Each structure stands twice: as C-alpha cells, then as structure tokens.
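Residue-level structural notes
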Amino acid sequence: MDISRRTFIQSTVAGGAVLSAFGFDVTPVYAQAKTLKISRTSETRSTCPYCSVSCGVIIHTLGDKAKNAVPQVVHVEGDPDHPINRGTLCPKGASLEQDILNPRRLKKPEVRRPGSYKWEDISWDQAIDEIAHRVKKTRDDTFIQQDANGKTVNRCETIAWIGGCTDTNEFNYLVGKAMRSLGVCYLETQARV
C-alpha cells in the first residue's frame, strides 16, 4: 500500500481531531514533534535578507562542527526574542530555507560578455577588478565639474548605489563615504525604498 505525503498529513490531522474530540490534550504531542525536528541542531540567529524590515530569524543547522564537515540547514524560523517580528515571518521570510538550499543558487561571480549567449564563471578577484575598471571609466567619461551656469558641482550622474537591509552600519558608512567621494548623486539604502 502506497501512502502519499498528502494522505499521511490528512490522516494525522484527522487522528488529532478525533483524539482532541474525546478529551485528549494533543498540545504536548505537537510540541514534542516540533522539538524532535531540531533537537540535535545548532542555532544561528540572523536577519532576513528580503526587505528593509530586518526581521530576526533562527537558522537551525545539522553538523558536528568538525573541521571538514559542512553544516546542513534543516529549519528556519522566526526569532521570538527579536523586537521587530517577535517570531513571525512573512511568506518570503518563511521560504528562506528553500532560498538557502536552492541548487540553482549562485555561489560565485558570473559574467555574460557582449555578444555572448551564455554566462561564464569568473573569480572574485577578476569580478572586483572588472567592476573597478568600469566604475573608473564611467566616472572619467561622465564626471561633471561645472553646471551650465558655471557653478562648481563635482558630480557623477551616471553611477548609482543602493544598499541592502542586511548591510551593517559600518559598511553603509564606508559605502556612503566612497560614493560621495566619487561624486555619486543617486545614493540610497534599501531601508528608504
């Protein structure tokens, strides 16, 4: 007899309803089932990366923390001690586990060259080098020292920066200083979007 996942869940829910109808308290059973899933895991508190609300999440990983062992994410839940979300997560935050475990997740830089139809892997050093060269070339080609009235403005209107909600204050401070030193006018962080 083949039992599908859907049939198993329906049977479990129906069984729980029958037991609670006869006066049995099934709350401890559900609590025990939840702790079994995460009993041997390590908890890591983090921040949801999706929007500027910055909800707290707890990421449960399974692994013995040995030198060559790769920990495996097995569960993600809202952090009940976090002052912003108090344990709740929106649908995007609740799907964070699938984002972490997605086999199509990019883990290294890729570039598609002009005229090419495919993406190629490049190293981090090469990616940073190419970005730096393009930023310098764009700034050199389009930097505006004076406006039409002859007033000194020293700005670059062809580069923009937007920061993410999981960036630290220190990182955002340094990026703000770097972008302003380049003369970038369009500088925002995700928290303001």
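It should be noted that the structure appears before, not after, this text.
Residues numbered from 1 in each chain as written. Predicted model: local features only at pLDDT ≥ 70, side-chain atom pairs only at ≥ 80, totals over all residues. Heavy atoms only, no water.

1. Focus: a nonpolar patch on the surface
Short version of the rule: Exposure above 30% relative accessible area and the absence of a salt bridge qualify a residue for a patch, where like charges join within 9 Å and nonpolar side chains (Val, Leu, Ile, Met, Phe, Trp, Tyr) within 5 Å. To measure how exposed things are, a 1.4 Å probe is used in the Shrake-Rupley method; for residues, cover is taken only from the protein chains shown. By definition, a salt bridge exists where a carboxyl oxygen of Asp or Glu is found within 4 Å of a side-chain nitrogen of Lys or Arg. Residue burial is assigned from relative accessible area. The probe radius is 1.4 Å, only protein chains are included, and a residue is buried under 20% of its type maximum, exposed over 50%, and partly exposed in between.
A contiguous nonpolar surface patch, about 300 Å² in accessible area, is contributed by Phe-8, Ile-9 and Val-13. The exposure class assigned to Ile-9 is partly exposed, which follows from its relative accessible area of 40%.

2. A look at the packing of aromatic side chains
To keep it simple, the criterion reads: Pairing of aromatic rings covers Phe, Tyr and Trp, the last through its six-membered ring, and needs centres within 6.5 Å; plane angles under 30 degrees mean stacked, over 60 mean edge-to-face, and all others mean tilted. Elements are defined by DSSP. Helices are runs of H or I of four residues or more, strands are runs of E of two residues or more, and each kind is numbered from the N terminus. In our convention, an over-ring charge means Lys NZ or Arg CZ found within 6 Å of a ring centre and within 35 degrees of that ring's normal.
One pass over the structure, following the stated rule, counts 1 aromatic pair. Between Trp-161 and Phe-171, the ring centres sit 6.4 Å apart and the planes meet at 55°, which makes this aromatic pair tilted. Separated by 10 residues along the polypeptide, Trp-161 in strand 7 (residues 152-163) and Phe-171 in helix 6 (residues 169-182) bring together distant segments of the chain. The residue whose ring lies beneath Arg-139 is Phe-143, and the NZ or CZ to ring-centre distance is 4.3 Å.

3. A few points about the environment of Gly-87
Relative to the assigned elements, Gly-87 resides in the loop between strand 3 (72-78) and helix 3 (91-94). Distance from Gly-87 to Ile-58, taken between C-alpha atoms, is 9.1 Å for residues 29 residues apart in sequence.

4. A word on the nonpolar core
The following threshold applies: Only buried residues count toward a nonpolar core. Its members are Ala, Val, Leu, Ile, Met, Phe, Trp, Tyr and Cys residues joined through side-chain atoms within 4.5 Å.
Of all hydrophobic cores here, the largest spans 7 residues; its members are Cys-48, Cys-55, Val-57, Ile-59, Val-73, Val-76 and Leu-96. Elements represented by at least two residues in this core include exactly strand 2 (56-62) and strand 3. Cys-156, Val-175, Met-179 and Val-184 belong to the second-largest nonpolar core, a separate cluster that totals 5 residues.

5. Description of helix 6
One full turn of an α-helix is made of 3.6 residues, so residues set three or four places apart face in the same direction. Using the following cut-off: The span expected for a helix works out to 1.5 Å for each residue beyond the first. What the arc covers is the set of directions going from the helix axis to the C-beta atoms.
With 14 residues, helix 6 should cover 20 Å at 1.5 Å per step; its first-to-last C-alpha distance of 20 Å lies within 8% of that length. When helix 6 is considered as a whole, its buried residues turn out to be Val-175, Gly-176 and Met-179. Down the axis of helix 6, the smallest arc covering the buried residues is 105°, so these residues share one side. The exposed residues of helix 6 that point more than 90 degrees off its buried face are Glu-170, Tyr-173, Leu-174 and Ser-181. Looking at the residues trailing helix 6, positive phi occurs at Gly-183, about 90°.

6. Focus: the sheet that holds strand 2
In a beta sheet, neighbouring strands pair by backbone hydrogen bonds and run either parallel or antiparallel. Note the following rule: If DSSP finds at least two bridges between two strands, the strands pair. Axes here mean lines fitted to C-alpha atoms, for a helix over just the part in contact, with angles spanning 0 to 180 degrees between N-to-C directions.
An order of 1-2-3 is seen for the 3 strands of this open sheet, with the pairing classed as antiparallel. Whereas interior strands pair on both sides, the edge strands pair on one side only; in this sheet they are strand 1 (42-47) and strand 3. Recorded for the sheet is a direction-independent mean angle of 30° between the axes of neighbouring strands. Pairing geometry for strand 1 and strand 2, over 6 bridges, is antiparallel. Paired with Thr-47 across the two strands is Gly-56, which belongs to strand 2.

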